[in-house]
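As a plain string of letters, each chain reads:
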Amino acid sequence: MHTKTMEGLAGASMNMKLLNTPFRVYKDAERRGDTAVMERAMGYVGEFADQAEDYQKKAEKGMEEDAKEAGEKAKTEQENAIQKRKEQREEMEKRIAESRNGDTDTVSINESEKADGKTDSVQTGADNGISAEETADAIKMKPVIYTKTGEASKSESGTNISVSV
């Protein structure tokens, strides 16, 4: 919060509280019928009201400055975020370019093997020691259920399971 805003709010609040005293004197003088005291008290009420209004204007100016500063701060933060995103994008583009130009794993299948349907002689840039035939067998395996001890339990093919809801 800007100092002008704080000063304006505090001053306006204090003058509004101080306004109560001369106004109470005015009401008391009105009951008694003392017009001279009433006029003096109303003069003080007017002065305090004017001071409160001045402080209110000061608070408004301070709030405008706060809003301007907040807008500038938001704008600089936004510009910094945009710059950071640009840098990240450039870095990502460099990585993509390096991965396109660098050594990458490739898979190639000869046309004769495609026609025969053989996939066990697939050559990869990174040899992991597992043939394509072994992976195909692993995919074709039936699901296995393990017991608490970690052994595979054999499922009985004749077992019927019924669930009633």
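Quick caveat: nothing in here was measured; it's all calculated off a predicted structure.

Colleague: Looking at this structure, I do not really get the overall build of the protein chain. What am I missing?
Modeller: Counting secondary structure elements, the protein chain contains five helices and four strands. Ordered by position from N to C terminus, the α and β elements of the protein chain give α-α-α-β-α-β-α-β-β. Burial statistics for the protein chain: of 165 residues in total, 11% are counted as buried. Put simply, of all contacts in the protein chain between residues at least 6 apart along the chain, 50% involve residues at least 24 apart. Element-wise, carbon and sulfur atoms account for 51% of the exposed surface of the protein chain, whose accessible area totals about 14500 Å².

Colleague: How do you make sense of the packing of helix 1 (residues 3-18) against helix 2 (residues 20-32) when you look at a structure like this?
Modeller: When two helices pack together, you describe them by how their axes are tilted relative to each other and by the distance separating the axes. Contact geometry of helix 1 with helix 2 gives a least axis separation of 4 Å together with a crossing angle of 20 degrees. By the angle between their directions, the pair helix 1 and helix 2 is classed as roughly parallel. Contact with helix 1, carried on its side by Met 16, Lys 17 and Leu 18, involves Asn 20, Thr 21 and Pro 22 of helix 2 and no other residues of that element. The class makeup of the residues in the contact of helix 1 with helix 2 is three nonpolar, two polar and one charged.

Colleague: What exactly am I supposed to notice about the packing of aromatic side chains here?
Modeller: Within a pair of aromatic rings, the relevant descriptors are the distance that separates the centres and the angle that separates the planes. According to the stated counting rule, one finds one aromatic pair in the structure shown. Relative to Tyr 26, the ring of Phe 23 lies with its centre 6.1 Å away and its plane at 20 degrees, an arrangement referred to as stacked. With a gap of three residues between them, Phe 23 and Tyr 26 both fall in helix 2, about one helical turn apart. A relative accessible area of 18% means that Tyr 26 is categorised as buried.

Colleague: Explain the nonpolar core to me, please; I cannot follow it from the model alone.
Modeller: Looking at soluble globular proteins, one finds that nonpolar side chains tend to be buried together. Tyr 26, Ala 29, Val 37, Met 38 and Ala 41 form the largest nonpolar core, which has five residues in total. Listing elements by their share of this core, those giving two or more residues are helix 2 and helix 3 (35-101). Per-element accounting of this core gives the leading share, three residues, to helix 3.

Colleague: Please explain the packing of helix 1 against helix 3 as it appears in this structure.
Modeller: Relative orientation of the contacting elements helix 1 and helix 3 amounts to 160 degrees, with a least axis distance of 7 Å. When the axis of helix 1 is compared with that of helix 3, the two are roughly antiparallel. Of the two possible hands of crossing, helix 1 and helix 3 adopt the one that is left-handed. Taken together, the residues of helix 3 that come into contact with helix 1 (itself represented by Lys 4, Thr 5, Glu 7, Gly 8, Leu 9, Gly 11, Ala 12, Asn 15, Met 16 and Leu 18) are Phe 48, Gln 51, Ala 52, Tyr 55, Gln 56, Lys 58, Ala 59, Gly 62, Met 63, Glu 65 and Asp 66.

Colleague: Is there a simple way to explain the pattern of salt bridges in this structure?
Modeller: In a structure, side chains of opposite charge can pair up when their charged atoms sit close to one another. Counted by the stated rule, this structure contains seven salt bridges. Of the charged contacts, one joins Glu 65 and Lys 4 as a salt bridge, the two residues approaching to 3.2 Å between their closest N and O atoms. You can see Glu 65 sitting in helix 3 and its partner Lys 4 sitting in helix 1, a full 61 residues away along the chain. With a shortest N-O distance of 2.9 Å, Glu 7 and Lys 58 are connected by a salt bridge. Residue Glu 7 is located in helix 1, and its partner Lys 58 is located in helix 3; the two are separated by 51 residues in the primary sequence. Here Glu 7 falls in the partly exposed class, since its relative accessible area comes to 40%.

Colleague: How do you make sense of the environment of Glu 64 when you look at a structure like this?
Modeller: Topologically, Glu 64 is positioned in helix 3. Along the primary structure Glu 64 and His 2 are separated by 62 residues, whereas in three dimensions their C-alpha atoms are 9.6 Å apart.

Colleague: Would you mind showing me how to read the side chain of Asn 15 here?
Modeller: When you line up the elements, Asn 15 lands in helix 1. Dropping the residues within four chain positions of it, Asn 15 is found in contact with Phe 48, Gln 51, Ala 52 and Tyr 55.

How each quantity is defined
Residues numbered from 1 in each chain as written. Predicted model: local features only at pLDDT ≥ 70, side-chain atom pairs only at ≥ 80, totals over all residues. Heavy atoms only, no water. Helix = DSSP H or I, 4+ residues; strand = E, 2+ residues; numbered from the N terminus. Buried < 20%, exposed > 50% of the residue type's maximum accessible area, 1.4 Å probe, protein only. Contact = heavy atoms within 4.5 Å. Areas by Shrake-Rupley, 256 points an atom, 1.4 Å probe, with all protein chains shown as cover. Axes fitted to C-alpha atoms, helices over the stretch in contact; angles between N-to-C directions. Parallel < 35°, antiparallel > 145°, perpendicular 65-115°, else oblique. Nonpolar A, V, L, I, M, F, W, Y, C, P; charged D, E, K, R; others polar. Phe/Tyr/Trp six-rings, centres within 6.5 Å; stacked < 30°, edge-to-face > 60°. Core = buried A, V, L, I, M, F, W, Y, C linked by side-chain atoms within 4.5 Å. Left-handed = near helix turned anticlockwise from the far one by under 90°. Salt bridge = Lys/Arg side-chain N within 4 Å of Asp/Glu carboxyl O.

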